[in-house]
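This is what each chain is made of:
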Amino acid sequence: MKRYILNSFVAAIILFAAACRPEIETPAGTTAGQANFSKYIAVGNSLTSGYADGGLYLEGQKVAYPNLIAAKMAMVGGGAFTSPFFSEEHSNGSGYISLTALVNGTPTLTPVVDKLAIRDAAKHLDKYNGEIQNLGIPGMRVDLAFDPTLTFSAANPYFERLLPDAQVGKTNYFQFIQGRNHTFFSLWLGNNDVLGYALNGAVTVSTDPTTALTDKVTFSSLYANFLNVLTAAGQKGIVGTIPDVTAIPYFNTVTVAALLNAAKAINPAAAAIYIQTGTGAVRPATAEDLIRLPFQSEGIFGKPNGSGIPYGLHPLNPIENKWVLDKDEVIKLKDYVNSYNSSIKSLATSKGLAIADTYAYFNQVKTGINVQGVGINASFITGGAFSLDGVHLTPRGNAVIANVFIDAINAKYGSTVPNIDITQYRGVKFPN
Amino acid sequence: MKKFLLSALLSAPLWVLGQGFQVNLQGQKQIGMAGAGSALALDEASVFYNPGAVTFLEKNSVSAGVNPLLFKSAFKQTGSNVTEDVKNKIAPPFEFYAVWGPKSNKWKLGLGVYTPFGGLVDWGDNWSGKYALTSLNLKAIYFQPTLSIKITDRIGIGAGFVYNHGDVNLQRAIPVNFPDGRSGKATLDGTGTGYGWNAGLYIKTLSNISFALVHKSKVITKLDGGSAEFEVPKSLEGSFPAGNTFNAELPLPATTSLGIGIPLSKSTVLAFDASWVQWHIYQDLSFDYATNTPALVDTKSARNYRDGSSFKLGINHQASEKLALRAGIGYAFSPVQDGYVTPEAPDADRYILSAGLGYTPTRHFEVNASFFFEDVKSRKQKNIETGLDGTFKTLVYAPGISLTYKW
């Protein structure tokens, strides 16, 4: 009898214990502070749109950092957040590249060509009608946002798809973002004002305005225009600084040392890699000269020219300027980024806005950080933050950077927008 | 050319293991008294608590008990509004003791089989700390043959040899993604052995206040040839070779205890134990893989434990000839320093509360039950190694029961 009493006593204790879970009280998710998140708009470029792996496609759009932020804002009074998603049938959007093989560390990158949202032979993309709050447009620049010719709205397919036919070629981005009755905004724009130039090996093509380097003073005054219209009704918001474009995997994967090692493997006598600099001079490359990522798949390295001189291994057949950010170009680009960022910070400060210092954050990523048990660094493919184009972010990278924005918003406005669990977001997908 | 090293793939050093996981559940009577009782010759569990007291037991006996333990830990990432809980899994610390010696002789033999260290924590495969750990199942089973000798009518000494059989199964996610987006997974599974000893001194003064000094040695448990399995996309299998094995060493700390027993009345006794747990031997945790690759290097993770300690006060009241009532309180200081708290041992200083009762229906039989509760303080931490940043809070519930046959 006593045994039964004891047994039921123990059973009751176990039931009781199962019900008693530990509580952890934190303020996260309780207040919007001085901010009003009821209608958030995100102004920006490819990073804002969710562009990744060399293309804009549905999976990337869904995890774009503004979309991740908006989902958390919803817990402190944020409203719905609309984005120009591609349809499920055309979920691969513009198409993108995927990693299809990795043999001895050598990746094979293959374009994804099914389920595309290309609507005509001119490669225009499926139109999106309806209101949107993620206003990110791949390729958008501060200077071209004010394109006086209004032609960029037709030339950029990602912009074109968001416009009714009647407006194509008749508006610019600065006009496009206005009149949206927002209560909160993010502005992360300006990367392409330097990146477009850098991605072309620091060569400006006169017929291609996306390869220009925006003048520093021009940048500052145009950026001020953005902040003026975005805060016209007293709205609060956040701006992002521009990451050091020379720190991305696109410029740090095909290194001079790796090329030289490869050359030595074939010809032990190889002593140097030769490059043509921005000034036209030819000299041996050093570790301070950066080679563009696509050079590896171009298949020209070491190829003899008509005179039998191998490409890149002799002063008479150097790696062309367009493939290289030479040491002086790197210094110049860093200087422009620093200048843009000091403009961004001082303008935002004068408006009382929050600042997400992504420049500082990506400098940490470059040396490697551990976030919630995940090592993240700027290595191509394995670093986890950058997608297969070596420029744009993976879902994990988006989640990490969204937290940088959220932390800055909370610090500035006394809000408690919850952080994102970055472990729910992937890095690069490895093939089976 | 065109090689991309995968060495950065696992930039967070692998594996953390077996930490502040001392299990203080070795005898129902003592558990009911918060774990105090080294200075009391209460029963056959003295084989564990104080081998020197064993010879003062009046009867020969065998007993077996179990304490189903529910380790309820919760985690909230810094800045998050989501609390994550471990799954409800019940760990089974158990104890078996036998004590025998010729009546009214100066010596007794004892045997103890018990589980002084262990941990069962399962956070699930998709929680926010999954890249640090998804689950740990650690069991250390000590086998301890013991000899206890009366030096005088009031002083006893005893010592036992300890053989440890350890089992470890540790799982975590790896931050590489399959084509469908899910993460890779690593499972380390191994068994190991270690040796040590347990010795105690028991002194009963003329005033009947008793004292105990007990030292349980460290037990360095070596795991050799454990299996290291990695579930990764095929393109990475070269970096995580199949059939790999590992060696590791798990240092289980020495404990030195000082105990006092104070009879308050003929039927009531108070016990106080102070223990010093020498966790400082746990400076780092190293894993040596049989096959290394650039992505899978041997690891050496700093643990930097300091010594822990605990203070326990218990009372045993013989309410009637057949019924005993017990209660206890205690406090323990964590050996885990700031920056080293991990999800498999979300350790912090803790309060201990306990209650117990014993029932003796016949001269030969005895049933003891206990309830043991630990409130591990909330601790906000950012792990230096993994960057896991958040607040842990843990409650431990352990009801227990044992049966004893005496003659």
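As the structure is a computational prediction, the values presented were derived from the model and not from experiment. (Residues numbered from 1 in each chain as written. Chains lettered and ligands numbered in written order. Predicted model: local features only at pLDDT ≥ 70, side-chain atom pairs only at ≥ 80, totals over all residues.)

Quick notes on the overall build of chain B
Within chain B one finds 3 helices and 21 strands. The globule rule puts the C-alpha radius of gyration for 407 residues at 22 Å, and the 23 Å found for chain B is close to it. Along the longest, intermediate and shortest principal axes, the C-alpha atoms of chain B span 85 × 40 × 35 Å. Taken across its 407 residues, chain B has 56% of its residues classed as buried. (Helix = DSSP H or I, 4+ residues; strand = E, 2+ residues; numbered from the N terminus. Rg over C-alpha atoms; globule rule 2.2 N^0.38 Å. Buried ≥ 20, exposed ≤ 12 C-beta atoms within 10 Å, placed from the backbone.)

What about the overall build of chain A?
Each helix and strand in chain A was counted, giving 15 helices and 12 strands. Expressed along its principal axes, the backbone C-alpha trace of chain A runs to roughly 100 × 60 × 45 Å. Of the contacts made within chain A by residues no fewer than 6 positions apart, 73% connect residues no fewer than 24 positions apart. (Contact = placed C-beta atoms within 7 Å.)

Focus on the packing of helix α9 (residues 216-230) of chain A against helix α13 (residues 327-350) of chain A
Residue and element names in this part refer to chain A. The contact between α9 and α13 brings their axes to 10 Å, and the two run at 30 degrees. One finds that α9 runs roughly parallel with respect to α13. The hand of the α9/α13 crossing is right-handed. On the side of α9, the interface is formed by Lys216, Phe219, Ser220, Tyr223, Ala224 and Leu227, while α13 contributes Tyr336, Ser339, Tyr340, Ser343, Ile344, Leu347 and Ala348. Residues belonging to the contact of α9 with α13 are distributed by class as follows: 9 nonpolar, 3 polar and 1 charged. (Axes fitted to C-alpha atoms, helices over the stretch in contact; angles between N-to-C directions. Parallel < 35°, antiparallel > 145°, perpendicular 65-115°, else oblique. Left-handed = near helix turned anticlockwise from the far one by under 90°. Nonpolar A, V, L, I, M, F, W, Y, C, P; charged D, E, K, R; others polar.)

What about unusual backbone geometry?
Here the phi dihedral of A:Lys123 falls at roughly 65 degrees; this positive angle occurs in a residue that is not glycine. With respect to the helices and strands, the residue A:Lys123 is situated in the loop between β3 (106-112) and α5 (152-155).

As for the interface of chain A and chain B
Accessible area lost upon the coming together of the parts serves often as the stated size of an interface. Between chain A and chain B, the contact holds 52 residues from the first and 55 residues from the second. Residue assignment for the side of chain A that touches chain B shows that the elements contributing at least two residues are α1 (2-19), β2 (96-103), β3, α11 (256-266), β11 (369-371) and β12 (374-376) of chain A. Broken down by element, the residue count for the side of chain A that touches chain B peaks at 7 residues, all from α1(A).

Some thoughts on the nonpolar core
All names here are of chain A. Ranked by size, the top nonpolar core spans 199 residues in total, and within it Tyr40, Val194, Ala198, Ile238, Ala402, Phe405 and Ile409 carry the most contacts. Counting residues per element, this core draws most heavily on helix α15 (residues 395-413), which supplies 9 residues. Beyond its immediate sequence surroundings of up to four residues, alanine 402 is in contact with Tyr65, Leu68, Ile69 and Ile420. (Core = buried A, V, L, I, M, F, W, Y, C linked by C-beta atoms within 7 Å.)

Brief notes about the confidence of the model for chain B
All names here are of chain B. On average, residues of chain B carry a pLDDT of 90, and 95% of them reach 70 or more. Considering each helix and strand of chain B separately, the mean pLDDT is smallest for strand β4 (residues 90-91), with a value of 82, and largest for strand β10 (residues 210-216), with 97. A low-confidence stretch, residues 1-19 (pLDDT under 50), is modelled with 74 contacts involving residues beyond four sequence positions or located in other chains. Model confidence for the complex: the whole-complex pTM is 0.90, and ipTM, which rates the interface, is 0.86. (pLDDT = per-residue confidence, 0-100.)

What about α15(A)?
All names here are of chain A. Under the 1.5 Å per step criterion, the end-to-end length of α15 is 27 Å for 19 residues, consistent within 8% with the ideal 27 Å. Within α15, 16 of the 19 residues are buried, which leaves the element mostly enclosed by the surrounding structure. Glycine 414, located one to two residues past α15, shows a positive phi value of around 70 degrees. (Expected span 1.5 Å × (residues − 1).)

Let's talk about the sheet that holds strand β5 (residues 236-240) of chain A
All names here are of chain A. Spatially, 4 strands are ordered β1-β4-β5-β10 in an open sheet, and the strand pairing comes out parallel. Where the open sheet ends on each side, the last strands, each with one partner, are β1 (40-44) and β10 (354-356). Taken pair by pair, the neighbouring strands of this sheet meet at an average axis angle of 20 degrees, ignoring direction. With 5 bridges connecting them, β1 and strand β4 (residues 184-188) associate as parallel partners. If you follow alanine 42 over to β4, its bridge partner there is serine 186. (Pairing = 2+ DSSP bridges.)

So, the pairing of strand β14 (residues 268-278) of chain B
Two faces make up the sheet, and in a regular strand the side chains alternate between them. All names here are of chain B. In this sheet, β14 lies alongside strand β13 (residues 254-263) in antiparallel orientation, the contact comprising 10 bridges. When the sheet's bridge partners are listed, glycine 259 is paired in β14 with aspartate 273. Connecting the antiparallel pair β13 and β14 is a turn made up of 4 residues.

Here's the deal with the packing of helix α4 (residues 65-73) of chain A against α15(A)
Pairs of packed helices are described in terms of their axes, by the angle between the two and the distance that separates them. Residue and element names in this part refer to chain A. Their axes nearest at 8 Å, the elements α4 and α15 cross at an angle of 55 degrees. The orientation of α4 relative to α15 falls into the category oblique. Two packed elements cross with a definite hand, and for α4 against α15 that hand is right-handed. Every residue of α15 that contacts α4 at Tyr65, Leu68, Ile69 and Lys72 is listed here: Asn398, Ala399, Ile401, Ala402, Phe405 and Ile406. Class assignment for the residues of the contact of α4 with α15 results in 8 nonpolar, 1 polar and 1 charged.

Quick word on the pairing of strand β18 (residues 323-333) of chain B
Residue and element names in this part refer to chain B. Of the two faces of β18, the one lined by Ala324, Arg326, Gly328, Gly330 and Ala332 is fully buried and the one lined by Leu323, Leu325, Ala327, Ile329, Tyr331 and Phe333 carries no buried residue. Sheet topology note: the strand β17 (residues 308-318)/β18 ladder contains 10 bridges and is antiparallel. Paired with lysine 312 across the bridge in β18 is glycine 330. Hairpin geometry of β17 and β18 is characterised by an intervening segment of 4 residues between the two adjacent antiparallel strands. In this structure, β18 lies alongside strand β19 (residues 350-359), joined through 10 bridges in antiparallel fashion. Bridged to arginine 326 within β19 is glycine 356.

Some thoughts on the environment of B:Val376
All names here are of chain B. For valine 376, the position within the fold is in strand β20 (residues 365-382). Owing to 24 C-beta atoms within 10 Å, valine 376 belongs among the buried residues under this scheme. Valine 376 has contacts with Ala348, Arg350, Thr394 and Val396, leaving out every residue within four places of it along the chain.

Details of helix α8 (residues 191-199) of chain A
Residues and elements named next belong to chain A. Counting buried positions along α8 gives 9 out of 9 residues, so the element sits mostly inside the fold. Those residues of α8 not exposed but buried are Asn191, Asn192, Asp193, Val194, Leu195, Gly196, Tyr197, Ala198 and Leu199. On its buried side, α8 packs onto α2 (46-49), α9, β9 (324-325) and α13. Phi turns positive, to about 70 degrees, at glycine 201, one or two residues after α8.

Observations regarding the environment of A:Val63
All names here are of chain A. When you line up the elements, valine 63 lands in the loop between α3 (58-62) and α4. It is 9.3 Å that separates the C-alpha atoms of valine 63 and serine 49, two residues lying 14 residues apart in sequence. Once residues lying within four places of it in the same chain are set aside, the contact partners of valine 63 are Gly50, Leu68, Pro395, Asn398 and Tyr425.

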